[in-house]
Amino acid sequence: MTEDIIPGVAEQTPDVAEAVAAAAIIETEQQQETPEVTAETAEPVETVEDAEEKVNYAEKTLAELSELFTGLKEKADQSRLFKEAEAIKSAFYKRLSKEKAENPVEEGTESPFTAIEQAFKSVYAEYRKEHAELTAKMEAERAENLKQKEAVIADLKALIEKQEDVNQTFPAFREIQNRWRAIGPVPMQNFRALNDTYQLYVEQFYDMVKINRELRDLDFRKNLEVKTQMCEEAEKLAENDNIVDAFKDLQKLHEQWKDYGPVAKQYREEIWDRFKAATAVINKKYQAHFEELKGRQEENLAAKTLLCEKVEAIAEQEVASSNEWNELSRQIEDIQKEWKTIGFASKKENQKIYDRFRAACDKFFARKRDFYTGVKDGMKENLDKKIALCEQAEALKTSTDWKATAEKLVELQKQWKEIGAVSRKKSEAVWKRFRAACDEFFAERDKNAKHENDFYGNLKAKKALIAEIAAYELSEDEDANVEAMKAFQARWQDIGFVPFKEKEAVTKAYRDAIAEKFPRSGQRNGRGGAGRQNNAQRAPKSLKEKLIAKYNALEQDIVTIENNIGFFAKSKSSAPLIQQMQDKIAAAKEELASLRQQIRAEEAQEQSDKE
């Protein structure tokens, strides 16, 4: 019977049965060492993705998506590239389709997006090729790892079947364990069955061997050293500020923990409680991190919902002018910039809220495009009208019927002002064409003016008359002053036309001179200006009549100024004068509005008096 006794054990162990019993309870001890996994102590079944690192590809431009894809590929960050490649591709083609729809090109014209799409296709094709090659390589490696681990299991099985001396089998067993740990991953479908088989044979080995106390204690001590080190690593992970990385590293420690055998029974509960406590700290921080993240995501959702409501309200506004569209577009752009500063909402809500925001923005810009399409059509119609006026002016520019033709050209200029705007690219050219025809006629007319139509001579005569009015000395006889004023008015009317570009200035100078020299003339002679009244008329009897007279005179002034603007070429030298005239028109229109209100008030008062 001594042949069955393990050498060196009989002298130390009073009863062989004690050694056998010790070996027999190994299985029970192993089961006690690794308690049942709970929600508190073990890693989650599914690792939560770090939502803060997730990229929202829907908000990226084509160039940004291409650059992102190329950057991932060039950095050889294959794990991230394989994970995100299809998402980037999907976002790229969605964005490409959208931008093609928003920026159509004429038939036969190459799309500006062709080069971008071809470049992306080239990089993506290269990635697909490399991905296929790498996948095939990894599958081959996993298949090879499967063969190696199957060989390790076969060696372990053979070791158990040999039933040799424990002093020989135990080192061989340790070498088998080291080989098993050194082999990489196997195909997923084979992992569980392969691992279960290995664990079964490990348990059978511990059941089979009649390990002596010293050798078993040595194994326990080695396992205790390794597991103590794992506890220290787990405790250190709890200090990591990046709790997501710490949690991932903890999962690796859990996997390694399972690969090592038991420790001595007196340390078993203590070492496991230490490892469990470190795990609980990390799990708690990990849970708190995502609770905090959830709170921020709810705040982000509320902020983004508010921005959606703002854009939706803007998209529903009635807009009638380009200035309003530009102002609202600026507001939308500011809101979009603010959107980008807000973090992600929850995974469930993030895409929904983005789709809502994108839909509101798309609605606004679709309405804006429709508006400008209508404006463009209107500008085309206005351009056709102005070209027709150019053709009429060009047909008249060589006419020598000076008076009739001048009247026709003035009428054409009035029509020109009534026509709306044309596109900027066409506006200057069509205006120069019309202006050239008018200038050619009036220049030729002035050059060939007869003596009786000596415009510059008339200008000189009117300036002389203005000087004479300024030099006139008032008489104490008011009637004599009135007669003098009438004489000045009659002489003014007898003088003929002046050059068109001088008309406004000389007329104003005349009116100012009359008003300054004969301040009371308005009581006898109405406005007393520039031939509006050749004969003395009675003053308006009522305030309403005075307001109406003032309103009509002001309207006539506006027409005159607007007509004169048309005779100034659009050049840098004339720009200040044109601006001055436009300011006068604006001020006069404001005064007209005030006069209208005063007239209505007088009419209401008259009606009230009648009742």
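Check the entry above for the structure.
These figures come from a predicted structure and were not determined experimentally.

*Asks:* Go over the pattern of salt bridges, please, and point to the residues and values.
*Replies:* Enumeration according to the criterion identifies 22 salt bridges in this entry. Arg179 is the salt-bridge partner of Asp155, the closest N and O atoms lying 2.9 Å from each other. Of the two residues, Asp155 sits in helix H5 (residues 114–162) while Arg179 sits in helix H6 (residues 166–182), which places them 24 residues apart along the sequence. Residue classification places Arg179 among the partly exposed residues on the basis of a relative accessible area of 28%. Here Lys550 makes a salt bridge to Glu591, at a shortest N to O gap of 3.4 Å. Note that Lys550 is positioned in helix H19 (residues 543–565) and Glu591 in helix H20 (residues 575–610), a separation of 41 residues in sequence. On the basis of relative accessible area, Glu591 is assigned to the partly exposed category, the value being 32%. Shared partners join several salt bridges into a network, and the residues in it are Lys98, Arg358 and Asp362.

*Asks:* Explain a positive patch on the surface to me, and be specific about the residues and the numbers.
*Replies:* On the surface, Lys83, Lys248, Lys252 and Lys347 cluster together to form a positively charged patch. As for its placement among the helices and strands, Lys248 is situated in helix H9 (residues 243–259). Lys248 gets classed as partly exposed once you look at its relative accessible area, which sits at 41%.

*Asks:* Please set out the packing of aromatic side chains residue by residue, giving values where relevant.
*Replies:* This model, assessed by the stated rule, comprises 27 aromatic pairs. Considering the side-chain rings of Phe92 and Tyr93, the 5.3 Å spacing of their centres and the 80° angle between planes classify their relative orientation as edge-to-face. Assessed through its relative accessible area of 25%, Tyr93 is described here as partly exposed. Members of the aromatic cluster, joined through ring pairs, are Phe92, Tyr93, Phe120 and Tyr124. When the ring centre of Tyr260 is taken as reference, the NZ or CZ atom of Arg181 above it lies at 4.0 Å.

*Asks:* Hey, could you go over the nonpolar core for me, with residue numbers and the actual values?
*Replies:* Membership of the largest hydrophobic core comes to 21 residues, with the highest contact counts inside it found for Trp257, Phe275 and Ile282. Among the elements of the structure, helix H8 (213–237), H9 and helix H10 (265–316) are those that each provide at least two residues to this core. With 8 residues, H10 is the largest single contributor of residues to this core. Residues within four places of Trp257 in sequence aside, it is in contact with Lys227, Met230, Cys231, Ile271, Trp272 and Phe275.

*Asks:* Which residues make up the environment of Glu381, and what values go with them?
*Replies:* Mapping Glu381 onto the fold places it in helix H12 (residues 347–396). Sequence-wise, Glu381 and Ile419 are 38 residues apart; in three dimensions their C-alpha atoms are separated by 9.5 Å.

*Asks:* Provide a residue-level description of the side chain of Asp219, including the pertinent values.
*Replies:* Structurally, Asp219 is set in helix H8. A residue is classified by how much of its surface remains accessible, and Asp219, at 3% relative accessible area, is buried.

*Asks:* Lay out helix H14 (residues 424–447) in plain terms, naming residues and giving numbers.
*Replies:* Between its first and last C-alpha, H14 extends 34 Å over 24 residues, near the 34 Å set by a 1.5 Å rise per residue. All of the buried residues along H14 are Val430, Trp431, Phe434, Arg435, Ala437, Cys438, Phe441, Phe442 and Arg445.

*Asks:* Outline the packing of helix H11 (residues 322–341) against H12, listing residues and values.
*Replies:* Where H11 contacts H12, the two axes come as close as 11 Å, and the packing angle between them is 160°. Taken together, H11 and H12 sit at an angle that is classed as roughly antiparallel. Regarding H11 and H12, the two cross each other, and that crossing is left-handed. Counting all contacts with H11, which are made through Ser322, Trp325, Asn326, Leu328, Ser329, Ile332, Ile335, Gln336 and Trp339, the residues of H12 involved are Ile353, Tyr354, Phe357, Arg358, Cys361, Phe364, Phe365, Arg367, Lys368, Phe371 and Tyr372. Tallied by class, the residues present in the contact of H11 with H12 amount to 13 nonpolar, 4 polar and 3 charged.

Reading the values: rules and limits
Residues numbered from 1 in each chain as written. Predicted model: local features only at pLDDT ≥ 70, side-chain atom pairs only at ≥ 80, totals over all residues. Heavy atoms only, no water. Salt bridge = Lys/Arg side-chain N within 4 Å of Asp/Glu carboxyl O. Helix = DSSP H or I, 4+ residues; strand = E, 2+ residues; numbered from the N terminus. Buried < 20%, exposed > 50% of the residue type's maximum accessible area, 1.4 Å probe, protein only. Patch = residues over 30% accessible without salt bridge, like charges linked within 9 Å, V, L, I, M, F, W, Y side chains within 5 Å. Areas by Shrake-Rupley, 256 points an atom, 1.4 Å probe, with all protein chains shown as cover. Lys, Arg positive; Asp, Glu negative; His and termini not counted. Charge placed at Lys NZ, Arg CZ, Asp CG, Glu CD. Phe/Tyr/Trp six-rings, centres within 6.5 Å; stacked < 30°, edge-to-face > 60°. Lys NZ or Arg CZ within 6 Å of the ring centre and 35° of its normal. Core = buried A, V, L, I, M, F, W, Y, C linked by side-chain atoms within 4.5 Å. Contact = heavy atoms within 4.5 Å. Expected span 1.5 Å × (residues − 1). Axes fitted to C-alpha atoms, helices over the stretch in contact; angles between N-to-C directions. Parallel < 35°, antiparallel > 145°, perpendicular 65-115°, else oblique. Left-handed = near helix turned anticlockwise from the far one by under 90°. Nonpolar A, V, L, I, M, F, W, Y, C, P; charged D, E, K, R; others polar.

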